[in-house]
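Results of the structural survey
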Protein chains: 2
Amino acid sequence: MEAEIISVGTELLLGQVVNSDTAYVARRLAEMGFDIRFTCVVGDNSDRLAEVLKNALANSDIVVATGGLGPTEDDLTKQTCAAAAGRKLVRDEDTCHRLASYFRGRTCSHSQMNQAMLPEGCTIFPNDHGTAPGCGFTTDEGKVLLMLPGPPRELVPMLQTYALPYLAQWVDGVIASTNIRAFGIGEGSAAEKIDDLVQGANPTAATYALEDEMYVRVTAKAKTKEEVQALCAPLADEVRRRLGDYVYGTDVDSLEVVVVRELQRQGKLLATAESCTGGMLAERITDISGASQVFHMGLVTYSNEVKNLLLGVPADLLAEKGAVCPETAAAMAQGVRRKAHADFGIGITGVAGPKTSEGKPVGYILIALDDGEHTWIRTMDGQGGRKERNYLRHRAASNALDLLRRRLFQMPMDSRGWDRTSEFPSRTAQK
Amino acid sequence: MEAEIISVGTELLLGQVVNSDTAYVARRLAEMGFDIRFTCVVGDNSDRLAEVLKNALANSDIVVATGGLGPTEDDLTKQTCAAAAGRKLVRDEDTCHRLASYFRGRTCSHSQMNQAMLPEGCTIFPNDHGTAPGCGFTTDEGKVLLMLPGPPRELVPMLQTYALPYLAQWVDGVIASTNIRAFGIGEGSAAEKIDDLVQGANPTAATYALEDEMYVRVTAKAKTKEEVQALCAPLADEVRRRLGDYVYGTDVDSLEVVVVRELQRQGKLLATAESCTGGMLAERITDISGASQVFHMGLVTYSNEVKNLLLGVPADLLAEKGAVCPETAAAMAQGVRRKAHADFGIGITGVAGPKTSEGKPVGYILIALDDGEHTWIRTMDGQGGRKERNYLRHRAASNALDLLRRRLFQMPMDSRGWDRTSEFPSRTAQK
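Counting from 1, residues in each chain are numbered in the order their sequence is written. For naming, the first written chain is A and the first written ligand is 1, with later ones following in the order written. Residue-level local features of this predicted model are given only where pLDDT is at least 70; pairs of side-chain atoms are given and counted only at 80 or more, and the full residue set underlies all totals for whole chains, interfaces and linings. Side-chain descriptors were evaluated using all non-hydrogen atoms of the structure, hydrogens and water having been removed beforehand.

Remarks on the overall build of chain A
- Tallying secondary structure elements over chain A gives 16 helices and 18 strands in all.
- The principal-axis extent of the C-alpha atoms belonging to chain A is close to 80 × 55 × 40 Å.
- Only protein chains enter the calculation, and the probe is 1.4 Å; a residue is then buried if its accessible area is under 20% of its type maximum, exposed if over 50%, and partly exposed in between. Burial analysis of chain A (431 residues in total) assigns 57% to the buried set.
- Contacts are assigned to residue pairs that have any heavy atoms within 4.5 Å of one another. Restricting to contacts in chain A with at least 6 residues of sequence separation, those with at least 24 account for 68%.
- Taking the average location of the 47 positive side-chain charges in chain A and that of its 56 negative ones, the two points are 5 Å from each other. A run of DSSP states H or I qualifies as a helix once it reaches four residues; a run of E qualifies as a strand once it reaches two. Both are numbered from the N-terminal end. Within this scheme the basic residues Lys and Arg register as positive and the acidic residues Asp and Glu register as negative, but His and the chain ends are omitted. Where a charge lies is defined by one atom per residue type, namely NZ (Lys), CZ (Arg), CG (Asp) and CD (Glu).

Brief notes about the interface of chain B and chain A
- Opposite the 67 residues of chain B that make contact, chain A presents 64 residues.
- When two parts are put together, the accessible area they lose, computed with a 1.4 Å probe and summed over both, is reported as buried area. Between chain B and chain A, a total of about 5,400 Å² is buried, with carbon and sulfur atoms accounting for 55% of that surface.
- Put simply, a salt bridge is a Lys or Arg side-chain nitrogen that is within 4 Å of an Asp or Glu carboxyl oxygen. Summed over the shared surface of chain B and chain A, the result is nine salt bridges.
- With a shortest N-O distance of 3.1 Å, R393(B) and E283(A) are connected by a salt bridge.
- Polar contact is the term for a pair of N or O atoms within 3.5 Å; when the atoms are in protein, one must be able to donate a hydrogen and the other to accept it, and sequence-neighboring residues count only if both atoms are side-chain atoms. Remark: the boundary between chain B and chain A carries 23 residue pairs in polar contact (both at pLDDT 80 or more).
- Taken together, the residues of the side of chain B that touches chain A break down into 29 nonpolar, 22 polar and 16 charged.
- Two strands qualify as a pair provided DSSP detects at least 2 bridges between them. Examined bridge by bridge, strand β14 (residues 295-301) of chain A and strand β14 (residues 295-301) of chain B share five bridges and lie antiparallel to one another. Residue polarity follows a fixed list, in which Ala, Val, Leu, Ile, Met, Phe, Trp, Tyr, Cys and Pro are nonpolar, Asp, Glu, Lys and Arg are charged, and the others, Gly among them, are polar.

Notes on the sheet that holds strand β9 (residues 174-183) of chain A
All names here are of chain A.
- Taken together, the four strands give an open sheet; going across it, the order is β10-β11-β9-β12, and neighbouring strands pair in antiparallel fashion. Each of the sheet's edge strands pairs with one partner strand only, and the pair in question is β10 (204-209) and β12 (247-250). Adjacent strand axes in the sheet meet at a mean angle of 25 degrees when their direction is disregarded.
- Sheet topology places β9 next to strand β11 (residues 213-222); 10 bridges connect them, and they run antiparallel. Considered in β11, the bridge of R181 is made with Y215.
- Of the strands in this sheet, β9 and β12 are in contact with helix α15 (residues 389-408), which crosses β9 at around 95 degrees. Axis lines are fitted through C-alpha atoms, for helices just across the contact stretch, and the angle between N-to-C directions can take any value from 0 to 180 degrees.

Re the packing of helix α12 (residues 304-311) of chain B against helix α14 (residues 326-339) of chain B
All names here are of chain B.
- α14 packs onto α12 with a crossing angle of 40 degrees between their chain directions and a minimal axis gap of 9 Å. By the angle between their axes, α12 is oblique relative to α14. Residues K307, L310 and L311 of α12 lie in contact with α14, whose contacting residues are T328, A331, M332, G335, V336 and K339.
- Its residues placed into classes, the contact of α12 with α14 shows five nonpolar, two polar and two charged. Geometric relationships in this document are graded by angle, where less than 35 degrees denotes roughly parallel, more than 145 denotes roughly antiparallel, 65 to 115 denotes roughly perpendicular, and other angles denote oblique.

Thoughts on the packing of aromatic side chains
- Under the pairing criterion, centres of Phe, Tyr and Trp rings, with the six-membered ring standing for Trp, must be within 6.5 Å; the plane angle then separates stacked pairs below 30 degrees from edge-to-face pairs above 60, leaving the rest tilted. Overall, the coordinates contain nine aromatic pairs over all chains when judged by the stated rule.
- Centre to centre, the rings of F295(A) and Y302(B) are 6.1 Å apart; their planes meet at 65 degrees, and the pair counts as edge-to-face. Remark: Y302(B) occurs in the loop between β14 and α12 and F295(A) occurs in strand β14; the pair is interchain, linking two chains.
- Overall, F295(A) belongs to the buried group, its relative accessible area being 0%.
- The class for Y302(B) is buried, based on a relative accessible area of 14%.
- Of the aromatic side chains, those joined through ring pairs into one cluster are F125(A), Y166(A) and W170(A).
- Between the NZ or CZ atom of R386(B) and the centre of the ring of Y391(B), over which it lies, the distance is 3.8 Å. Here, a charge over a ring is recorded when the distance from Lys NZ or Arg CZ to the ring centre is within 6 Å and its angle to the ring normal is within 35 degrees.

Structural notes on unusual backbone geometry
All names here are of chain A.
- A cis amide bond links N202 with the next residue in sequence, P203, at an omega value of 5 degrees.
- The residue P203 is located in the loop between α8 (187-193) and β10 in this model.
- One non-glycine residue, Q410, adopts positive backbone phi at about 55 degrees.
- Checked against the element boundaries, Q410 lands in the loop between α15 and β18 (420-425).
- Here Q410 falls in the exposed class, since its relative accessible area comes to 72%.

Focus on the domain arrangement of chain A
- An automatic or database domain assignment is the source of the domain bounds shown. For chain A, the assigned domains are domain 1 (2-170), domain 2 (174-250) and domain 3 (255-430).
- For domain 1 of chain A versus domain 3 of chain A, the separation of C-alpha centres amounts to 44 Å.

So, in structure tokens, the structure goes:
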């Protein structure tokens, strides 16, 4: 079956927002085995949307419209789609109740309540992360028309939880994927390692890049879930074998999930001291529900005085070698571990930019992990590569999590990848 | 003049690559005053591209095709565009020389040399960052047809250096926008306050939602930049008047930028103590370059012991009333202010979920600001609304920034918006 995706929104048309919805929906539909014929963007303009919808319903079997479901005047998708398919909009009581409970204690305006008006006879996709529900229905001509909200944080879970299962009735067989996630290796290098594995048709393997990591998605299609798994497993195993200890998990959400869960399992405590990452590492760790069992103290020590006062980084070290050096990173990791009575301490210091500091280049960042016996230091050397502040901070925090992951799982501490790691005896152990 | 953008590439159509070209081209064309009518993506399929081109050339004055200019078999854009416009492809000697010099010492294949075949009479856009040149020409029907390469690192500079100057001959007028940013009010409520203002055609006003805030974009078109500004200014003023002190800035990036810049201007120091936000507030503050002048210490005190040890939150208070209460939030703000010798202290404690804690509902979060004389406490009551952990944490951090913004600019501390604020004398002042 051929599918077409229409994104609605003047902000998308004018390029004020990059259209990530279309790519996401296309990828998921393609994985289910639908052929993507065409995708387009129209502004918040009912006539133009009607024209595009007419063509889409004539040419494709499945039409997905994203965006324009909200409560404001320029949200025209539902009316226009319903009209194009000759459907009335009717009030859905369940959605009314959901909206009333969402706005409990606050005013739920008339325009908000308009979001409960949905095409007659449609299957409603509840919005678990916002107000506007989505929906799907079959037109009198047998075409399938879906509407999904525009904000990705609403669209992504709605597609996963409600829209893809709804579309499954037109799929013959089962399609499923497994995601192998890796840190410390670029998408290009990973692709080279598995270039002969991405040629297959069923199962398929494809590489994807994320902010500072990459993953390989292995997908197969078969009659049953079991057959799909049997098809995927050998290919996934081979991908993991080729990528080695860059792989931090399969079908997991993030490095921080892997680290927090393993700290919980081992009953260990972590403490962090951050300078240039400014709390991003603590924030990522505490984003994981249950982190309070393994993480009690995180310090953001942005000045030298505070590094000395809270962490005991020697004032003469700071005066002599500065805040951005391996010795300071090590002292931060050791200091916070002692202060928090933790099993592991992490210290991060460096130059996130945009300006250089202490004569060190932007991107020069030291990440230290101390376990009381050893201190490991991973060095981002600031030579070449991306220089955006947020990217550098995120990659530094990821390097810290990767160091701890390798320590927890007793892997080699140096990834031989992007950034190199050295090992020293912990200063506390020497005392 | 109306413009249309066609992106060519199966990898874009299947969502394997997010289409950032279209957004970029659209934004640059809109800034020049062209109306973007429609954008779409087609796969590497000559028939489908021909069909889309035919419609585009019939409906729009300017058609920009991106991608599919390279040397490989599936690069069909030039042939298809030339055929659609009834032009021959002819060999361009300058491009031949450029290619020969690009491949000096390496083999320049026949297919590489095909890139020098360009529509007769076109204006060539040299590719300073790759091999395939772009081009533009006017069809016999007076339509303007441009072709640009797909890779952003080639397209972006080519657009800037060659294609926009080429398009300048058709420009009459300038289009520009101003963005008014607000916190504490939903997009729906804001839209109701300005619903009569969004009706105009030039200037226009439109509301947009972000993670936990909203903004109004005022846009106008006129002959000169000055006329655009003169058109926008009165409408922007009226929007600001209607939204009142929810507005935290115009054409600024974020709440944290406004707060850090004002702390710098006043020469004041901030310190933070976070429980449920886990460092997100510190991370957002230190994301702003120059934050080191106004922020030296941020503490993530995730356990009661650490709240007592680092912040001096009384153990009997924690034992009696728990970690999640207004008194603890206040003691955290006061404690970190004293410890850091700062002018302002912020304390955040609450239940970010997914589980309830101490019998308090998910979303119940207390945000305290202390300035040594007064302590203000803003309460997120956990009734209704969104419950995702990350959203709650982000909104709590935003509330902290909003409290400090109001204090710095001497505005009312209670926004009368989403979450209410109470005032107490600072405990430190009473001592």
